[in-house]
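Structural description and commentary
Now for the letters of each chain:
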Amino acid sequence: MGLKTSIQWTDSTHNFWMGCLKVSPGCKQCYMYRDMERYGRDPKVVIRTKGFDKPLNWKEPQKVFVNSWSDFFIEQADEWIDDAWEIIRRTPHLTYQILTKRPENIKDRLPDDWETGWPHVWLGVSVESKKYLWRLEALDSIPAAVKFVSYEPALEYVDFSTYAPILDWLIAGGESGYNPRLADTDWFRQVRDDCLKSGIPYFLKQLGGLKKVDGAWGGRLLDGRTWDEFPKISQPQLKKTGANQ
């Protein structure tokens, strides 16, 4: 079993490496920086983890968020990325969710037999504001079984409808931390409405803020309900709590 997590849209997390460099305003309050510093480590130094190959021991199908404490496509990890792909290749019963702020690096770091994408690997990009919609444009040219966007931390309303043809999923969330930049609930409402019109499954992770409500920062209710939609695909390795909700 992978490392259990409080991230609602996955089952577990696995870090092939940890440490990262900030590349955009969405990184400002990065929890990895805060937590690494608490443990006396330099968050700017990218290091290979001791448990690099742990997924080889996981027998139960599950969704695995990759590198929650780094970026899978960060340049500083180039010497290990082929080894990481080999672990992923050998565990097709696991569904890997890879999220990046560096989509310009993806193409040159894919395995040679990627072709139309591996069926158990999802590729996503973070877009916190309109300025970073180019990350979706970069993702558009990469084949993948599932393509998704993380609109977190939401820093302004972003219209994703132009990219509906390539999106299989949208995750939204407000910022948390010691001094969060508060999101307007209307941003999440408008993006939800855009998703409903475009047929994009919508997952609202949290509204954000300083306080937890029912286990999520700022709570998860939007117009009286939670939004827990997943990609509309059929993959036997997903848990019942996963796809097609």
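In short, a report on the structure.

A few words on the sheet that holds strand E6 (residues 94–100). Strand order across the open sheet formed by eight strands is E1-E2-E5-E6-E7-E8-E9-E10, with mixed pairing between neighbours. The outermost strands of the open sheet, each flanked by one partner alone, are strand E1 (3–4) and strand E10 (202–206). Pairing analysis gives five bridges linking E6 to strand E7 (residues 121–126), with the strands arranged parallel. Residue pairing for E7: Thr100 is matched across the bridge by Val125. On top of the sheet, helix H2 (residues 78–89) reaches E6 and E7; it is set at about 145° to E6, its chief contact.

Glancing now at the pattern of salt bridges. Evaluation of the coordinates by the stated rule reveals 17 salt bridges. A salt bridge links Asp193 to Arg192, with the shortest nitrogen-to-oxygen separation between them at 2.9 Å. A relative accessible area of 8% places Arg192 in the buried class. A cluster of three or more residues bridged by salt bridges with shared partners is formed by Asp186, Arg189, Arg192, Asp193 and Asp223.

So, about the nonpolar core. Trp17, Phe72, Trp85, Leu136 and Phe160 are the most contacted members of the largest nonpolar core, which totals 62 residues. For this core, the leading source of residues is H2, giving six residues. Filtering out sequence-adjacent residues up to four positions away, Leu136 remains in contact with Val125, Val127, Val149, Phe160, Tyr163, Ile166 and Leu167.

Analysis parameters
Residues numbered from 1 in each chain as written. Predicted model: local features only at pLDDT ≥ 70, side-chain atom pairs only at ≥ 80, totals over all residues. Heavy atoms only, no water. Pairing = 2+ DSSP bridges. Helix = DSSP H or I, 4+ residues; strand = E, 2+ residues; numbered from the N terminus. Contact = heavy atoms within 4.5 Å. Axes fitted to C-alpha atoms, helices over the stretch in contact; angles between N-to-C directions. Salt bridge = Lys/Arg side-chain N within 4 Å of Asp/Glu carboxyl O. Buried < 20%, exposed > 50% of the residue type's maximum accessible area, 1.4 Å probe, protein only. Core = buried A, V, L, I, M, F, W, Y, C linked by side-chain atoms within 4.5 Å.

Limitation: the analysis is restricted to geometry and does not speak to function.
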